[in-house]
Amino acid sequence: MKKHILIVSFFVLGAFLYPRNVLAATSEAEMPFALQSRSAAVLDLATGEFAQTYNADEVMPIASLTKLMTALVFLDTQPNWGKRIAYSNADSRIGAKLLIRAGDTITIRQLFNTMLIGSANNATITLVRSTGLTQAEFVRRMNAKAALFGLKQTHFVEPTGLDDGNVSTAREYAYLAKLAFGNAKIQKVTTTPVYAFSTGGGIYHRIKNSNTLLKNASLRIRGGKTGYTEEAGFSVAMITQARPNSTASYITVVLGHPSSAGRFAEARELATFAATL
């Protein structure tokens, strides 16, 4: 049996209910330590208020964090998870990708999981194609959902995050992440460390999660997504539980860090600090 591992280049990588106007004023504090990230925010899910913010209203590219909205819109189509679709070379994209040959078949579940765990851009395009919608129609739904939840500074032009026209703010993305990680399927998939499967052609794939913080047991991560483009920098969004058996949880968003390791370090520091407040 042939084996393939997802190649990740530097383009690595039930809902919570909240009011329609999610951007209501909150009390918040600035970060208690210096950050190298361009923007960050920590949302306390118990109070609905921001524990810390840093340039949280700066509009900037969000890279593969886009894929959480892609996942939400895709789930709205009520997919047939066992359905197989043939891969097309027309779905090929730069950056993180699944090594798959044209004509080989892959299930909808495998595509969805590969998109969120390994952030594969070609898998994302194939997944969107499987809905029967054109990419333009799918993106319109992404923007309609953003508008529905009052995310006025969040806009999408394509579903992978490769285009830097996909933008948001740390504040607005925290609300988007709250919605996404409130979905049990997204929560489960994004916290899967390794995902293995075989395509219809018998090719074995082993997909490693792009979020290295999953290895940190003390954080108790319940959902996460990474992103990177040269313009966007390195980003991560995650939901963490404050303490074992605690109902306190936080959404941490770090956007535009100059290094991959640095985004994880700052996200870890912010989430850990929030749990002490």
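Relevant structure appears above.
Draft legend 1. Just the overall build of the chain, in detail. Secondary structure summary: the chain contains 7 helices and 13 strands in total. Buried positions account for 56% of the 277 residues belonging to the chain. Summing over all exposed atoms, the chain offers an accessible surface of approximately 11,300 Å²; the carbon and sulfur share of this is 53%.

Draft legend 2. Seen up close, helix H4 (residues 135-148). When the terminal C-alpha atoms of H4 are compared, their 20 Å separation across 14 residues agrees well with the 20 Å that a helix rising 1.5 Å per residue should span. Within H4 the residues assigned to the buried category are Phe138, Val139, Met142, Asn143, Lys145 and Ala146. Here the buried residues of H4 occupy an arc of 155° about the axis, which is enough to place them on one side. With respect to the buried face of H4, the exposed residues turned more than 90 degrees away are Arg140 and Ala147. Looking at the packing, one finds that the buried side of H4 touches helix H1 (66-76) and helix H3 (121-130). Gly150 lies just past H4 and shows a positive phi near 75°.

Draft legend 3. Structural context of the nonpolar core. The biggest cluster of nonpolar side chains holds 58 residues, and the ones touching the most others in it are Phe112, Tyr173, Ile186 and Ile251. At 9 residues, the largest contribution of residues to this core is made by helix H5 (residues 170-181). Grouped together as the second largest cluster of nonpolar side chains are 16 residues, Ala40, Ile221, Phe264 and Leu270 included.

Draft legend 4. Structural view of the packing of H1 against H3. As a packed pair, H1 and H3 sit with axes 11 Å apart at the nearest point and diverge in direction by 25°. Comparing the axis directions of H1 and H3 gives the class roughly parallel. Here the hand of the crossing between H1 and H3 comes out left-handed. Two secondary-structure elements touch here, H1 through Lys67, Thr70 and Phe74 and H3 through Asn121, Thr124, Leu127, Val128 and Ser130.

Calculation rules
Residues numbered from 1 in each chain as written. Predicted model: local features only at pLDDT ≥ 70, side-chain atom pairs only at ≥ 80, totals over all residues. Heavy atoms only, no water. Helix = DSSP H or I, 4+ residues; strand = E, 2+ residues; numbered from the N terminus. Buried < 20%, exposed > 50% of the residue type's maximum accessible area, 1.4 Å probe, protein only. Areas by Shrake-Rupley, 256 points an atom, 1.4 Å probe, with all protein chains shown as cover. Expected span 1.5 Å × (residues − 1). Arc of directions from axis to C-beta. Contact = heavy atoms within 4.5 Å. Core = buried A, V, L, I, M, F, W, Y, C linked by side-chain atoms within 4.5 Å. Axes fitted to C-alpha atoms, helices over the stretch in contact; angles between N-to-C directions. Parallel < 35°, antiparallel > 145°, perpendicular 65-115°, else oblique. Left-handed = near helix turned anticlockwise from the far one by under 90°.

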